[in-house]
Amino acid sequence: MNLNITIGQYYPASSKIHSLDPRTKLLALFVFIIILFSAPNAFGYVVSALGLFGVILMSKVPVKFMLKGLRNVFFIIIFTVVLNVFFVPGETVLFQLGFLRVTLEGLFAAARMACRLVLLIIASSVLTLTTSPIELTDGIEHALKPFKKIGVPAHEIAMMMTIALRFIPTLMEETDRIMKAQISRGADFGSGNLVQKAKAIIPLLVPLFISAFRRADELALAMESRCYRGDENRTRMKVLKRGRIDYIFYLSLILFGACVYFTRFLL
Amino acid sequence: MVKTENLTFKYSRINQKTEEKEYFPALSDLSLTIEKSEFVTVLGHNGSGKSTLARHLNALLLPTEGKVFIKGLDTSIEDNIWLIRQSAGMVFQNPDNQIIATIVEEDIAFGPENLGIPSDEIRKRVDECLKSVQMDEFRRRAPNLLSGGQKQRVAIAGVLAMRPEIIVLDEATAMLDPVGRKEIMAIVKRLNKEEGMTVIHITHYMEEAVEADRVIVMNDGNVVMDGIPKEVFRNIAKLKALGLDVPQVTELTHRLIENGITLPDDIITLEEGVEILAPLLDFSKPSETAKNPPSHMRQTTDIIELKDVSHIYSPGTVFEKAAITDISFTVKKGEFFGIIGHTGSGKSTLIQHLNGLIKPTSGQVIVEGEDINGDKAKLRSVRQKVGLVFQYPENQLFEMTVFADVAFGPKNMGFDKAEINRKVRRALSLVGISEEYFDKSPFELSGGQKRRVAIAGVLAMEPEILVMDEPTAGLDPKGRDEIFVQIKELHKELGNTVIIVSHSMEDIARLCERIGVFAEGRLQYLGTPEEIFKNAKELEKIGLAAPQINYLIRLLNEKGAGLNEDIYTIDAAYKEIFERIR
């Protein structure tokens, strides 16, 4: 049992990007996604990529960590590309194989999609690598606050995220323990066909669920006993503050958006 | 400060057969007053209503009948609830299930944040409370990286940050190791003495109870005894009938009284014991038992042999950590072997090596002459041979009925139906679960029963070697005794090899033939209880201790009594002292 389970992929370092307000980073990611999807042509992607690369350099996080995120979604990217190649309708047929045909338009669409996805994933990696889960939760709570009027439960979402983050390692340890206990009683989690595997997992899942419910029950009591009543009249010890660096970042973001927009006049 | 008037509380439950609501009284007509700055310990077996009472003090439960007043505020009036919860802080049993935030200081801030206190004031309080529980250096730590004792300290700090006047500890020490328990008691005592905090401490540990100003004993939802510790503990027979324990010194002196020695019957601490007993002893008489040769090691074959076993977690990463290093020892066939060590000493990692759950990074684990990691196909038979009971084994119950759950092991081992049936019945009868429970859901049973069913689940595989990790953790004294009696019988009747990990030096001394002491992932000492507990000073350095009764003998010897110091059980101490009384 290893207790050093890291959640998320926070890479601790002291950089300008790390010290940004989490709300700034969240907003920036949001804006970046909009920019990506409205980029008019290949130059737009080049500029986006350059901008992102600049941020990565500033963040002092090794590039290989950024690419790690890509590895996990590699298949999704391939899948999207294949879908685009074969199923985007187009005029210029390059070659045909039965009902499958590859068109120039399809290839372009696939390339565009791949660029978007790769940049998008790298950009979100930058966010999660430079922002601790706690900051991220705080950021999300604050960022969602304006939407509370229309019924978005900002505080509840943030509290749920906090509790999830808090209990993931605990439940992982528990899973490990129950699994070992059942293996000691001769349980076999590894072999057999799919049905057998699914059946084998019951002795693990039932105790795990029971324990999770018990924990939830006890946690609720503990929260109540410490006067928790939702976000009614609730203050925070840490108050998020935007500093000069955040405003500089906002300005750069606007400039960057403008650059991408103006690439449409390059062709 | 705290007052209950004819407090009655009934749990309601739907009867599954009649589909009617049934009421079970948890508290009945309980009237109690606790003054400001009192340190009160509440004792009682599981199900006596202690926790239900605790939850009423915080308005987590409201009385069915009667009233509860905290600082004069009626808990049944809704407007009072927040003030009451802020003034009477609760610390619960399970350290894991009461920490909400992902870092320590944020968790301590949780209470004041809920109270709507301004940020800089919260910051001030958090700093103060962290210092008060000596967790300052861990303020940025994630809670899951802390020990149980540290987590409970965080929980206490979280309560203190709301500036309460009463602190209620609902079995807050039950899941901790001795070191953790001592830390918590030291903090709570200081808060009581220096800051006048009213403390209500629910516990199963008598050594904690004797430190209180007042002891309340509960049974069947009411107070049956109430007084200073001396008055309560002198009623040894009554306490035992209620399924409770008394301090070892009290037990010893009562044994002497029963055999015609005139002694006061209210001795509860070591110091008192020494003071009273020393003048009665004949210092000139030589000790009879001292000449007894030390008990010999069993002359049977080795059943388990560990050769330079080391285990490193996550080798080659930043998280690399040596859990155990160069462990070598043998366990004899039929031996009762004890393992002691503080939390994090590598005990759990070690026992998981014994049935191949963890492979050694280097070294060999040999069971009955064969390296268990030699042939992967044989692992299943190793696991049948070496039964491993984890800590809190009831957490792994999952089947619809008790019978089916116990049958899980033998079924996996591939036995036929008749054989499974026989094994299950035998295992359940060994742990004292009678036939009427076979078709019940394991989740309907009491805590002690669940534990025994879970142990039966391992026994049903009929292992030759039974390994148990703290089989009595978290149980009340009665539950603890039941389990130990059964393990002892099992060992005697079946002649199995038993390896037991425990924090209770008293139990280890009473049961084990040899003991291995672990610290920092190494085997520090190995020997008979006599050999091990001789080194009481060294044991203390690694967070352990000799049984309480041994300290009594040593203190008497310091006065010149010349008693045999190799005494670790009440029986032995009684014989030694009885012989020497003038």
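Reading the values: the criteria
Residues numbered from 1 in each chain as written. Chains lettered and ligands numbered in written order. Predicted model: local features only at pLDDT ≥ 70, side-chain atom pairs only at ≥ 80, totals over all residues. Heavy atoms only, no water. pLDDT = per-residue confidence, 0-100. Helix = DSSP H or I, 4+ residues; strand = E, 2+ residues; numbered from the N terminus. Contact = heavy atoms within 4.5 Å. Axes fitted to C-alpha atoms, helices over the stretch in contact; angles between N-to-C directions. Parallel < 35°, antiparallel > 145°, perpendicular 65-115°, else oblique. Left-handed = near helix turned anticlockwise from the far one by under 90°. 1 Å grid on protein atoms, 1.4 Å probe; cavity = no way out; pocket = protein on both sides within 12 Å on 5 of 7 lines; lining within 4 Å. Points joined across faces, edges and corners; volume = space filled by probe spheres on them. Nonpolar A, V, L, I, M, F, W, Y, C, P; charged D, E, K, R; others polar. Phe/Tyr/Trp six-rings, centres within 6.5 Å; stacked < 30°, edge-to-face > 60°. Patch = residues over 30% accessible without salt bridge, like charges linked within 9 Å, V, L, I, M, F, W, Y side chains within 5 Å. Areas by Shrake-Rupley, 256 points an atom, 1.4 Å probe, with all protein chains shown as cover. Salt bridge = Lys/Arg side-chain N within 4 Å of Asp/Glu carboxyl O. Buried area = accessible area lost by both parts, 1.4 Å probe. Polar contact = N/O pair within 3.5 Å; in protein donor to acceptor, adjacent residues only side chain to side chain. Buried < 20%, exposed > 50% of the residue type's maximum accessible area, 1.4 Å probe, protein only.

## Overview of the confidence of the model for chain A
Residues and elements named next belong to chain A. Summary statistics for chain A give a mean pLDDT of 86 and a share of 96% for residues scoring 70 or more. Helix α9 (residues 202-225) holds the highest mean pLDDT among the elements of chain A, 94, whereas strand β1 (residues 93-97) holds the lowest, 77. Between residues 1-7, whose pLDDT stays under 50, and residues either more than four places distant or in other chains, the model counts 18 contacts.

## Some words on the packing of helix α2 (residues 42-59) of chain A against helix α10 (residues 244-262) of chain A
Residues and elements named next belong to chain A. It is at 8 Å that the axes of α2 and α10 come closest, and there the two elements cross at 160 degrees. By the angle between their directions, the pair α2 and α10 is classed as roughly antiparallel. Note on packing geometry: the crossing formed by α2 with α10 is right-handed. Here Gly44, Val47, Ser48 and Gly51 of α2 come into contact with α10, specifically with Phe256, Cys259 and Val260.

## Considerations on empty space enclosed by the protein
Counting across every chain of the model gives 4 cavities of 30 Å³ or more. Considered as a void within the structure, the largest cavity measures approximately 210 Å³ in volume. Lining the largest cavity are 18 residues, and of these A:Asp138, A:Thr162, A:Arg234, A:Arg236 and B:Glu106 lie nearest its centre. Elements with a minimum of two residues in the lining of the largest cavity: α6 (133-144) and α7 (154-184) of chain A together with α3 (104-114) of chain B. Its residues placed into classes, the lining of the largest cavity shows 8 nonpolar, 4 polar and 6 charged. The space that makes up the second largest cavity amounts to roughly 70 Å³. What lines the second largest cavity is B:Leu430, B:Val431, B:Arg452, B:Ile455, B:Leu459, B:Met468, B:Ile483, B:Gln486, B:Ile487 and B:Leu490. Those elements that place two or more of their residues in the lining of the second largest cavity are α16 (447-459) and α17 (477-494) of chain B. With 4 residues, the top contributor of residues to the lining of the second largest cavity is α17(B). When grouped by side-chain class, the residues that make up the lining of the second largest cavity number 8 nonpolar, 1 polar and 1 charged.

## A word on the packing of aromatic side chains
Enumeration over the complete set of coordinates arrives at 13 aromatic pairs over all chains. When the ring of A:Tyr247 is compared with that of A:Tyr250, the centres are 6.3 Å apart and the planes differ by 50 degrees; the resulting orientation is tilted. Placement of both A:Tyr247 and A:Tyr250 in helix α10 is noted, with a separation of 3 residues, approximately one turn of the helix. When the centroid spacing of 5.3 Å and the interplanar angle of 40 degrees are considered together, the rings of B:Phe533 and B:Tyr568 count as tilted.

## Structural notes on a nonpolar patch on the surface
Residues and elements named next belong to chain A. Taken together, Leu94, Phe95, Leu97, Leu104, Leu107 and Phe108 make up a surface patch of nonpolar side chains, about 610 Å² in accessible area. Looking at the nonpolar patch, the elements that each hand over two or more residues are β1 and α5 (104-130). Inspection of the secondary structure assignment puts Phe95 in strand β1.

## Structural notes on the interface of chain A and chain B
The interface of chain A with chain B comprises 52 residues on the first partner and 65 residues on the second. Summing both sides of the interface, chain A and chain B together bury roughly 5300 Å²; the carbon and sulfur share of this comes to 55%. Summed over the shared surface of chain A and chain B, the result is 8 salt bridges. Residue B:Glu106 pairs with A:Lys238 through a salt bridge whose shortest N-O separation is 3.0 Å. If you look at where chain A meets chain B, you find 23 residue pairs in polar contact (both at pLDDT 80 or more). Looking at the side of chain A that touches chain B, the elements that each hand over two or more residues are α7 and α9 of chain A. No other element matches the 17 residues that α7(A) contributes to the side of chain A that touches chain B. Classifying every residue of the side of chain A that touches chain B gives 25 nonpolar, 11 polar and 16 charged.

## Looking at the side chain of B:Ser132
All names here are of chain B. Tracing the backbone through its elements, the reader meets Ser132 in helix α4 (residues 119-132). What makes Ser132 buried here is its relative accessible area of 15%. Sequence-distant contacts of Ser132, that is, excluding residues within four places in its chain, are made with Leu160, Ile187, Arg190 and Leu191.

## Comments concerning the pattern of salt bridges
Summed over the entire model, instances satisfying the criterion amount to 58 salt bridges over all chains. One salt bridge in this structure joins B:Glu121 and B:Arg163, with 3.9 Å as the shortest N-O distance. In this pair, B:Glu121 is assigned in helix α4 and B:Arg163 in the loop between α5 (148-160) and β7 (166-170), connecting sequence segments 42 residues apart. We classify B:Glu121 as partly exposed; its relative accessible area is 23%. Given the relative accessible area of 36%, B:Arg163 is considered partly exposed. Of the charged contacts, one joins B:Asp127 and B:Arg139 as a salt bridge, the two residues approaching to 2.7 Å between their closest N and O atoms. A residue pair is termed long-range when its members are at least 10 positions apart, and B:Asp127 in helix α4 and B:Arg139 in the loop between α4 and α5 qualify at 12 residues. Residues joined in a network through salt bridges with shared partners are A:Asp138, A:Glu141, A:Arg234, A:Arg236, A:Lys238, B:Glu106 and B:Glu113.

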